[in-house]
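Structural overview
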Amino acid sequence: MIAKAPRIALSYLFILFVFVFVFVFVFVFVFVSGLSSASNPSWFSLTFQQWDNFWNNTTDLNNGGYTSRLISFGQLQARPNVWTTPPFPEWELLTVEVAIPGDQMRLYKVGDSSKWFNYTLELKEMRTVAPTERFHYPTNFPYGFIIQCGLVASTTTLFSINIQPRPGGGNEYFGTYTTQIIFNIFDKEHTLLAQKSYDFLMYNKHKGGSWGGDTFSVLLIERYDTAANVDIEYLRQNGSTKLPVGAVSFVSNEPSGTYRINFSPYPNPNAPFTFINVEASSSTIPYKVVNPLNASVSHTHQFDVTLPYVPDPAGWRDRFEIAIRNANYTNITPRAGSYRSVIQIELRNN
């Protein structure tokens, strides 16, 4: 029997650059029974905001004025939910952790990682108590710092990026550049309370294709913080309820609809979607993956989603949510312990 409400944590997040027929993206879930933190996410109001759209490949790095100056791309508002009675001040200090792929502050050219633009970050705390401002300039990653989120003190943290210009370089530096910056919020027991991924997709002078550069197709994956704390028993009892756990964004300048996305369990794509006990692989908990194009359909086994091609001067763009439902739809009594499940996502050429 499972003594407490089980939880799922989506523990890995990647960017995948797609240039040939088949590439793989993997979601990893970890399901743990019998573990809980003394804190409660409902004590806090943690709101990530993003107001400048860097991800859709419509901004020129150089000509758009995005180099050699700080540009804010989002912020975190950390407030207590004052109608609750959390045990502050013991729990009012939260840790903000910043992570980037490869631990280097670079926007890499799609298709050629030997070309890049360097950048730096400024994280500015605006506090309701003295000191009213604090600045962070991370150089090593993951980078962490403490913010206050209490009944007396609250914090708004402004995120800004300074992209360094890349003079010269010739036409080989023209094209699309990308990076990802991930913010995690933890309590004092390192329980994940919230997460936001900021994806950047910008071009240098030419976007590619009809603009005179290389063609490209890029798959971006976003992980929702809802994947960090899932009630398996609730999803079993409420089979029609879907739980969004992430999203897939696809951006391309290719001239026609040539791609589809395949969702399958890993490592055995012919098996059903299941959580597998880490210590006893014979103990499994099945679940279903919701079809991103038709929420009334759920899949127990691998399936394809055909990307509908829509011509657009700004490029071919699609975004789909990834959701699960019907956890333990077989009504088994699972063995207690830690469980792991992997959803493999492949971008395939038609």
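Residues numbered from 1 in each chain as written. Predicted model: local features only at pLDDT ≥ 70, side-chain atom pairs only at ≥ 80, totals over all residues. Heavy atoms only, no water.

**With respect to the pattern of salt bridges**
Under the criterion given, the structure shown has five salt bridges. In this structure, Glu-125 engages Arg-134 in a salt bridge whose closest nitrogen and oxygen atoms are separated by 3.2 Å. For Glu-346, the salt bridge identified is with Arg-348, shortest N-O distance 2.3 Å. Its relative accessible area of 9% is what places Glu-346 among the buried residues. A relative accessible area of 23% means that Arg-348 is categorised as partly exposed. (Salt bridge = Lys/Arg side-chain N within 4 Å of Asp/Glu carboxyl O. Buried < 20%, exposed > 50% of the residue type's maximum accessible area, 1.4 Å probe, protein only.)

**Things to note about the packing of aromatic side chains**
Overall, the coordinates contain 15 aromatic pairs when judged by the stated rule. Between Phe-159 and Phe-183, the ring centres sit 3.8 Å apart and the planes meet at 15°, which makes this aromatic pair stacked. One end of the pair, Phe-159, is in strand S11 (residues 155-163); the other, Phe-183, is in strand S12 (residues 175-186), and 24 residues separate them in sequence. A relative accessible area of 0% means that Phe-159 is categorised as buried. One aromatic cluster in this structure is built from Phe-73, Phe-159, Phe-183, Tyr-198 and Phe-200. Its guanidinium or amino end placed over the ring of Trp-91, Lys-188 lies 4.5 Å from that ring's centre, counting from NZ or CZ. (Phe/Tyr/Trp six-rings, centres within 6.5 Å; stacked < 30°, edge-to-face > 60°. Helix = DSSP H or I, 4+ residues; strand = E, 2+ residues; numbered from the N terminus. Lys NZ or Arg CZ within 6 Å of the ring centre and 35° of its normal.)

**Side note on the side chain of Lys-196**
When you line up the elements, Lys-196 lands in strand S13 (residues 192-204). Sequence-distant contacts of Lys-196, that is, excluding residues within four places in its chain, are made with Phe-48, Gln-50, Ile-181, Ile-182, Phe-183 and Glu-222. (Contact = heavy atoms within 4.5 Å.)

**Details of the side chain of Asp-187**
With respect to the secondary-structure elements, Asp-187 resides in the loop between S12 and S13. For Asp-187, a relative accessible area of 3% translates into the label buried. Here the side chain of Asp-187 touches Thr-191 through a polar contact of 2.9 Å, landing on its backbone nitrogen. (Polar contact = N/O pair within 3.5 Å; in protein donor to acceptor, adjacent residues only side chain to side chain.)

**Topic: the pairing of S13**
Counting buried positions along S13 gives 12 out of 13 residues, so the element sits mostly inside the fold. One ladder, built from 12 bridges, connects S12 with S13; its direction is antiparallel. The residue of S13 that forms the bridge with Phe-186 is Leu-192. As consecutive antiparallel partners, S12 and S13 are separated by five residues, and within that stretch His-190 has a phi angle of approximately 65°, a positive value. (Pairing = 2+ DSSP bridges.)

**Brief notes about the nonpolar core**
Ranked by internal contacts, the top residues of the largest apolar core, which has 40 residues, are Leu-46, Phe-73, Leu-107, Tyr-119, Leu-121, Ile-181 and Phe-183. Where this core is concerned, the elements lending two or more residues are strand S4 (44-49), strand S5 (70-80), strand S6 (93-99), strand S8 (112-127), strand S10 (143-148), S11, S12 and S13. When residues in this core are grouped by element, the largest group, five residues, is from S13. Within the second largest apolar cluster, 28 residues are counted, among which are Tyr-259, Ile-261, Phe-275 and Leu-307. (Core = buried A, V, L, I, M, F, W, Y, C linked by side-chain atoms within 4.5 Å.)

**Some words on the environment of Arg-348**
Along the polypeptide, Arg-348 turns up in strand S23 (residues 338-349). Put simply, Arg-348 and Arg-260 are 88 residues apart on the chain and 5.4 Å apart in space, counted from C-alpha to C-alpha. Within the local environment of Arg-348, its side chain forms a polar contact with the side chain of Glu-346, the two groups lying 2.3 Å apart.

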